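Next come the chains, spelled out residue by residue.
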Amino acid sequence: MTDPIRVAIVDDHPMVAEGIEAILEGYDDIAVVATLSDGQQMIDRLEALSPDVILMDLNMPGLGGLSATEIILERRPDTRVLILSMHDSPEYISNALSHGAMGYVLKDVPTEEIKRAVDMVMAGQRYLCTGAEGALAPARAGAREQLTNREQTILLQLAQGKSNREVGLALDISVRTVETHRKNIKRKLGISSTAGLTRYALEHGVLQGTGVKG
């Protein structure tokens, strides 16, 4: 008999977390190892809990879902992060995937779809619920040139008000490399100023899940 899938739930709404826990505990092949209320709690207990799959909310007090996802995947790359959110805009979904999430499920999906999502990401496959897939379709059809993962990370840093030097130190790259990335980001987004980058980040959900608010 194989070991059950170890699942951690991270959501600051107790009723949501408890509801998902009750759903998943009904399956013999899943063990819910923790229900936590923010990303920092998950990071603090990551090694002790050793979850296979983390169901992660985006917007939480303190460390939000996107920042937590990046840190979790740096420390335990084999962990599967599945975003569970009420937001169905293409920007939220694309941003979550670019930060390493393996799936995106809206909170109003049928209960069995959460189980299906867990099974699929555990098998190494990306999972988007029907609503998330549908939201991305028109955005992909008329998409402009996409930012790379590194450019997404640098945009996030710049939008938080960090200087080129601070970004370089945080990512262990040179100031010149940061400036090159900044120019490419502006070109791809059609934005000419740093203020414009910050405005874009706020309007398109780049800062969602980081604890930064506009």
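Above this text is the structure in question.
Draft legend 1. Quick look at the nonpolar core. Val7, Met42, Leu55, Met56, Ile72 and Tyr104 are the most contacted members of the largest nonpolar core, which has 50 residues in total. It is strand 1 (residues 5–10) that contributes the most residues to this core, 5 residues altogether. For Met42, the residues in contact, after removing those within four places along its chain, are Ala8, Val10, Leu36, Leu49, Pro51, Ile54 and Ile72. By size, the runner-up hydrophobic cluster in this structure holds 16 residues, among which are Leu156, Val178, Ile185 and Ile191.

Draft legend 2. Summary view of the pairing of strand 3 (residues 53–56). Along strand 3, one buried face is formed by Val53 and Leu55 and the opposite face, lined by Ile54 and Met56, is buried too. Here 4 bridges tie strand 1 to strand 3, and the two strands are oriented parallel to one another. In the sheet register, Val10 faces strand 3, and the bridge partner there is Met56. Pairing between strand 3 and strand 4 (residues 80–85): 4 bridges, direction parallel. If you follow Leu55 over to strand 4, its bridge partner there is Leu82. What joins strand 3 to strand 4 is helix 4 (residues 65–75), and the crossover it makes is right-handed.

Draft legend 3. Representation of unusual backbone geometry in the model. A positive phi is found at Ser50, a non-glycine position, where the angle reads about 45°. Examined against the element boundaries, Ser50 turns out to sit in the loop between helix 3 (46–49) and strand 3. Given a relative accessible area of 23%, Ser50 falls into the partly exposed group.

Draft legend 4. Expanded view of the packing of aromatic side chains. Tallied over the entire structure, the rule returns 0 aromatic pairs. Cation over ring: Lys115 sits above Tyr27, and NZ or CZ is 5.0 Å from the ring centre.

Draft legend 5. Region of interest: the packing of helix 8 (residues 149–159) against helix 10 (residues 175–189). Taken N-terminus to C-terminus, the directions of helix 8 and helix 10 make an angle of 95°; their axes are 10 Å apart at the nearest point. When the axis of helix 8 is compared with that of helix 10, the two are roughly perpendicular. Mapping the contact onto sequence places Arg150, Glu151, Ile154, Leu155 and Leu158 in helix 8 and His181, Arg182, Asn184, Ile185, Lys188 and Leu189 in helix 10. The residue inventory of the contact of helix 8 with helix 10, partitioned by class, reads 5 nonpolar, 2 polar and 4 charged.

Draft legend 6. Expanded view of the pattern of salt bridges. As enumerated under the stated definition, the model contains 7 salt bridges in all. A salt bridge links Asp29 to Lys115; its shortest N-O distance comes to 3.2 Å. One end of the pair, Asp29, is in the loop between helix 1 (14–24) and strand 2 (30–36); the other, Lys115, is in helix 6 (residues 111–122), and 86 residues separate them in sequence. Take Asp29: its relative accessible area is 34%, and that puts it in the partly exposed class. Judged by relative accessible area, Lys115 falls into the buried class, the value being 9%. Of the charged contacts in the structure, one is a salt bridge between Glu47 and Arg76, with a shortest N-O distance of 3.6 Å. Residue Glu47 is located in helix 3, and its partner Arg76 is located in the loop between helix 4 and strand 4; the two are separated by 29 residues in the primary sequence. The network of salt bridges with shared partners includes Asp11, Asp57 and Lys107.

Draft legend 7. Summary view of helix 8. For helix 8, the tally of buried residues reaches 9 of 11 residues, placing the bulk of the element in the interior. Within helix 8, burial applies to Glu151, Gln152, Thr153, Ile154, Leu155, Leu156, Gln157, Leu158 and Ala159. Close packing links the buried residues of helix 8 with helix 4, helix 5 (90–98), helix 9 (164–171), helix 10 and helix 11 (194–203). One or two steps after helix 8, the chain reaches Gly161, where phi turns positive at roughly 90°.

Draft legend 8. Geometry of the sheet that holds strand 5 (residues 103–106). The strand order across the open sheet built from 6 strands is 2-1-3-4-5-6, with neighbouring strands paired in parallel fashion. The outermost strands of the open sheet, each flanked by one partner alone, are strand 2 and strand 6 (127–128). Against the sheet, helix 4 engages strand 3 and strand 4, with an angle of about 165° to strand 3.

Calculation rules
- Residues numbered from 1 in each chain as written.
- Predicted model: local features only at pLDDT ≥ 70, side-chain atom pairs only at ≥ 80, totals over all residues.
- Heavy atoms only, no water.
- Core = buried A, V, L, I, M, F, W, Y, C linked by side-chain atoms within 4.5 Å.
- Buried < 20%, exposed > 50% of the residue type's maximum accessible area, 1.4 Å probe, protein only.
- Helix = DSSP H or I, 4+ residues; strand = E, 2+ residues; numbered from the N terminus.
- Contact = heavy atoms within 4.5 Å.
- Pairing = 2+ DSSP bridges.
- Right-handed = clockwise from strand over helix to strand, strands pointing away.
- Phe/Tyr/Trp six-rings, centres within 6.5 Å; stacked < 30°, edge-to-face > 60°.
- Lys NZ or Arg CZ within 6 Å of the ring centre and 35° of its normal.
- Axes fitted to C-alpha atoms, helices over the stretch in contact; angles between N-to-C directions.
- Parallel < 35°, antiparallel > 145°, perpendicular 65-115°, else oblique.
- Nonpolar A, V, L, I, M, F, W, Y, C, P; charged D, E, K, R; others polar.
- Salt bridge = Lys/Arg side-chain N within 4 Å of Asp/Glu carboxyl O.

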